[in-house]
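Chain by chain, the residues run as shown.
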Amino acid sequence: MQEEKHGFQAEVSRLLDIVAHSLYSDKTVFLRELISNASDACDRLRYLSLTQPELTASDPNFRVTLSADRAARTLTIADNGIGMNHDDLVENLGTIARSGTSAFVGQMTGDAAKDLALIGQFGVGFYSAFMVAERVEVTSRKAGEDQGWRWISEGKGEFTVAPAEVESRGTRITLHLREGEDEFLDSNQLRRVVTKYSDHIALPILLIENGKEHTINAASALWTRPKSEITEAQYAEFYRHTAHSFDSPWLTLHARVEGKIEYTSLLFVPSAKPLDLFHPDRKHCVRLYVRRVFITESCEEVLPAYLRFLRGIIDSEDLPLNISREMLQHNPILAKIRAGVTKRVLNELQKKADSDPEDYTTFWNNFGAVLKEGLYEDSDQRDPILKLARFRSTAGEGLVSLADYVGRMKPGQDAIYYITGDSTEAVARSPQLEGFAARGVEVLLLTDPVDEFWVPAVGLFEGKAFKSVTRGGADLDRIEAPAGETKKSEPPAAGIDNLIALFRLTLKDAVKDVRLSQRLTDSPVCLVADEGDMDIHLERLLKQHRQIEAGAKRVLEINPAHPLVASLAKRIGDNGHGDEVAEAAWLLLDQARIVEGETLPDPAAFSRRLSDVLRRSMAA
Ligand code: ADP
Ligand code: MG
């Protein structure tokens, strides 16, 4: 087979362009990326060798070596990990395979400063080699295979792959340094960079100097060292390595559990929100180890899905080393670890919420929507998660807890009122809130899709029921109006019963019913879901996702105190105005639909009626 030419995937080319031109402030990070990959490659082979020991029999000691050649101006990073064959090289070093990274590329704007900030958060992995190298050569042989391969690229749209003689398994990455990058030929500089970024790597990193090898890192798994000997910077580097991320952890939890079952967990809550948090294929990225041996990275059994924002490792002393990924399901030891870790994480979050509410807001804004999934997925942890939950509300800008809300409930109020919708701004303008605002009753503004699911599952908080302000009747009369305002809802204007009857007749099947409203003060009408029917926003959500075809019919509520409604009621008595009132009924229904953000079933009819009304008012 001869040399093949390949084009990079378009996204990779864009990435490389940025990498080469608008460089990171700190170029040394390329070394941590390449060492991180080498370490991952060794971890993967170590796992395979549990069931296929022949793969590593000839060379069981995993390591990474660095060597610089001053004359050739090259730096080489080599590992004896799993290696890559032809297809691996084309796939892994020609495309962006990870869902997170491709989501990130999708967000790139072409504005160098903004894109750089994004890269700073997410990293570019292998491609960072082109920050310092004008040419990169990768030679590799996959464990268990005989044929070696050489990948070469100048990072400008193309790379080549050709067969090569490769003596032993693993990968060698040779960087032909750009002009001005000679610092990476200097042993002392390499030492400094490795100490800074890669000291936590559990395998030896060897520097070859004048033919001699020196181990230049601590070469012990970071989580096995005593907490007191680990610096914050080391924790942060370890986080970046396991999370494939560039930010700093918002919270670091390092704990050793001893007793019937023993394990160490070193977990991190990121400070930035990964772009693929809601990606359906996304597995959480806590790595499972058994007695320091890496087992798997994507293991739903290790942690519940609602903690999928966590990064880090769990290292068990009790699981069998030869555990297969299939055996992890329904494993009782793992179930205990999972329960223990979940409890600890929720506890620590509660401590943060108590001790630094403002900082906790950062966490909640990033990951609250994910954590809330636990409210219906894990009934055991429902109470702790309800305590951790924060909400926007009509009470003001900040976030409130349910305890805050209940503490502020009005005399006579026996429910926790909420409204669901797509955005805080949109729901805050809903007419259904008017009556609540007039009485000073706080309403929670729920705008995460998950809110539609946990609220019905939870039902109560401290004995108080959750109640949607867009569904069922609003018995606001029982709640005391603020002092000074003795505004009980006024007796309906004369003729209002007739008006309702005429509206019902006119609108017939377009609505479920027409009723007087207690929840409106300023608007003439609004739509609500009948008690027992699906709430309006949920129904729209399900329609969008094609989960349901047609929705339930709505109740049109009308505000007897509104001048328009009052004059319509009055007109009904006068002869000859029946048609006008009927037109008004349709217009008001369409108006309520528009306010709800719904599309009109017959926009042409709406526009004809509106023009008629306008024409008449001009003629008057
Ligand atoms: P990430 O490490 O986040 O997956 P990278 O861009 O750093 O992304 O690496 C891309 C992929 O290339 C890796 O997932 C891995 O499959 C492969 N790879 C990179 N370096 C090596 C290596 N030294 N040995 C084996 N595979 C590697
Ligand atoms: Mg990597």
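Residues numbered from 1 in each chain as written. Chains lettered and ligands numbered in written order. Predicted model: local features only at pLDDT ≥ 70, side-chain atom pairs only at ≥ 80, totals over all residues. Heavy atoms only, no water.

A. Molecular detail of the overall build of the chain. Counting its secondary structure elements, the chain contains 20 helices and 23 strands. Relative to a compact globule of 620 residues, whose C-alpha radius of gyration would be 25 Å, the chain shows 32 Å and is clearly more extended. Over its C-alpha atoms, taken along the principal directions, the chain stretches across nearly 105 × 60 × 40 Å. By sequence separation, contacts in the chain at least 24 residues apart represent 71% of the contacts at least 6 residues apart. Carbon and sulfur atoms form 48% of the exposed surface of the chain, whose accessible area is close to 28,900 Å². (Helix = DSSP H or I, 4+ residues; strand = E, 2+ residues; numbered from the N terminus. Rg over C-alpha atoms; globule rule 2.2 N^0.38 Å. Contact = heavy atoms within 4.5 Å. Areas by Shrake-Rupley, 256 points an atom, 1.4 Å probe, with all protein chains shown as cover.)

B. Focus on the sheet that holds strand S13 (residues 293-296). Read from one edge of the open sheet, 5 strands run S10-S11-S14-S12-S13, paired in mixed fashion. Looking along the sheet, the strands with just one partner apiece sit at the ends: strand S10 (249-257) and S13. If you compare each strand with its neighbour and ignore which way they point, the axes differ by 20 degrees on average. Pairing geometry for strand S11 (residues 263-270) and strand S14 (residues 311-316), over 6 bridges, is antiparallel. The residue of S14 that forms the bridge with Tyr 263 is Ser 316. Docked against the sheet, helix H7 (residues 232-243) engages S10, S11, strand S12 (285-290) and S14, running at close to 85 degrees with respect to S11. Along the sheet, helix H9 (residues 357-371) makes contact with S10 and S11, crossing S10 at roughly 90 degrees. (Pairing = 2+ DSSP bridges. Axes fitted to C-alpha atoms, helices over the stretch in contact; angles between N-to-C directions.)

C. Main features of the domain arrangement of the chain. When its domains are assigned, the chain resolves into domain 1 (4-220), domain 2 (224-361), domain 3 (372-478) and domain 4 (496-619). Inter-centroid distance (C-alpha atoms) of domain 2 to domain 3 is 31 Å. The interface is formed by 11 residues belonging to domain 2 together with 11 residues belonging to domain 3. Both sides together, the interface formed by domain 2 and domain 3 hides about 940 Å², and carbon and sulfur atoms give 59% of it. Between domain 2 and domain 3 we count 1 salt bridge in total. Remark: the boundary between domain 2 and domain 3 carries 3 residue pairs in polar contact (both at pLDDT 80 or more). At the level of elements, helix H8 (332-355) and H9 are the ones that each hand at least two residues to the side of domain 2 that touches domain 3. For the side of domain 2 that touches domain 3, the leading source of residues is H8, giving 5 residues. (Domains from an automatic or database assignment. Buried area = accessible area lost by both parts, 1.4 Å probe. Salt bridge = Lys/Arg side-chain N within 4 Å of Asp/Glu carboxyl O. Polar contact = N/O pair within 3.5 Å; in protein donor to acceptor, adjacent residues only side chain to side chain.)

D. Region of the structure containing helix H19 (residues 578-595). With 18 residues, H19 extends 26 Å from end C-alpha to end C-alpha; this agrees with the ideal 26 Å at 1.5 Å per step. Residues of H19 that are buried include every one of Val 581, Ala 582, Ala 584, Ala 585, Leu 587, Leu 588, Leu 589, Asp 590, Ala 592 and Arg 593, and no others. After H19 finishes, the residue Gly 597 shows a positive phi value of roughly 80 degrees. (Expected span 1.5 Å × (residues − 1). Buried < 20%, exposed > 50% of the residue type's maximum accessible area, 1.4 Å probe, protein only.)

E. Examining helix H20 (residues 603-619) more closely. Compared with the 24 Å implied by 1.5 Å per residue over 17 residues, the 24 Å span of H20 between its first and last C-alpha is a close match. In this fold, the buried residues of H20 make contact with H19.

F. Broad picture of unusual backbone geometry. For Arg 73, which is not glycine, the phi torsion reads 55 degrees and is therefore positive. Checked against the element boundaries, Arg 73 lands in the loop between strand S2 (64-69) and strand S3 (74-79). One non-glycine residue with positive phi stands out, namely Asn 210, at about 45 degrees. Counting through the fold element by element, Asn 210 comes out in the loop between strand S8 (205-209) and strand S9 (212-215). Owing to a relative accessible area of 81%, Asn 210 belongs among the exposed residues under this scheme.

G. Geometry of the sheet that holds strand S7 (residues 170-177). Across the sheet, 9 strands lie side by side as S1-S6-S5-S4-S7-S3-S2-S8-S9; this open sheet has mixed pairing. The two strands at the open ends of the sheet, each matched to only one other strand, are strand S1 (4-7) and S9. In this sheet, adjacent strand axes meet at a mean angle of 20 degrees when their direction is disregarded. As judged from the 4 bridges shared by S1 and strand S6 (residues 158-164), these two strands associate in the antiparallel manner. Considered in S6, the bridge of Lys 5 is made with Thr 160. The strands touched by helix H2 (residues 29-51) are S2, S3, S7 and S8; relative to S3, the strand with the most contacts, the crossing angle is about 25 degrees. Against the sheet, helix H6 (residues 187-198) makes contact with S2, S3, S8 and S9, and its axis sits at roughly 175 degrees relative to S8, the strand it touches most.

H. The arrangement of the packing of aromatic side chains in detail. A full pass over the atoms with the stated rule returns 20 aromatic pairs. Between Trp 151 and Phe 159 the ring centres are 5.6 Å apart and the planes differ by 20 degrees, which places this aromatic pair in the stacked class. The exposure class of Trp 151 is buried, given its relative accessible area of 0%. Aromatic pair Phe 309 and Phe 367: ring centres 4.9 Å apart, planes at 20 degrees, arrangement stacked. Highlighted residues: Phe 309 in the loop between S13 and S14 and Phe 367 in helix H9, separated in sequence by 58 residues. Neither residue differs from the other here; Phe 309 and Phe 367 are each classed as buried. If you follow Arg 32 out to its NZ or CZ, it ends over the ring of Phe 246, 4.5 Å from the centre. Here the basic side chain of Lys 352 rests over the ring of Trp 250, its NZ or CZ set 4.9 Å away from the ring centre. (Phe/Tyr/Trp six-rings, centres within 6.5 Å; stacked < 30°, edge-to-face > 60°. Lys NZ or Arg CZ within 6 Å of the ring centre and 35° of its normal.)

I. The arrangement of the packing of helix H16 (residues 496-507) against H19 in detail. Two elements in contact, H16 and H19, have axes whose closest approach is 9 Å; the angle formed by their N-to-C orientations is 70 degrees. It follows from the interaxial angle that H16 and H19 lie roughly perpendicular. Residues Leu 499, Leu 502, Phe 503, Thr 506 and Leu 507 of H16 form the contact with H19, whose own contacting residues are Gly 578, Val 581, Ala 582, Ala 585, Trp 586, Leu 588 and Leu 589. Across the contact of H16 with H19, the residue classes break down as 10 nonpolar, 2 polar and no charged. (Parallel < 35°, antiparallel > 145°, perpendicular 65-115°, else oblique. Nonpolar A, V, L, I, M, F, W, Y, C, P; charged D, E, K, R; others polar.)

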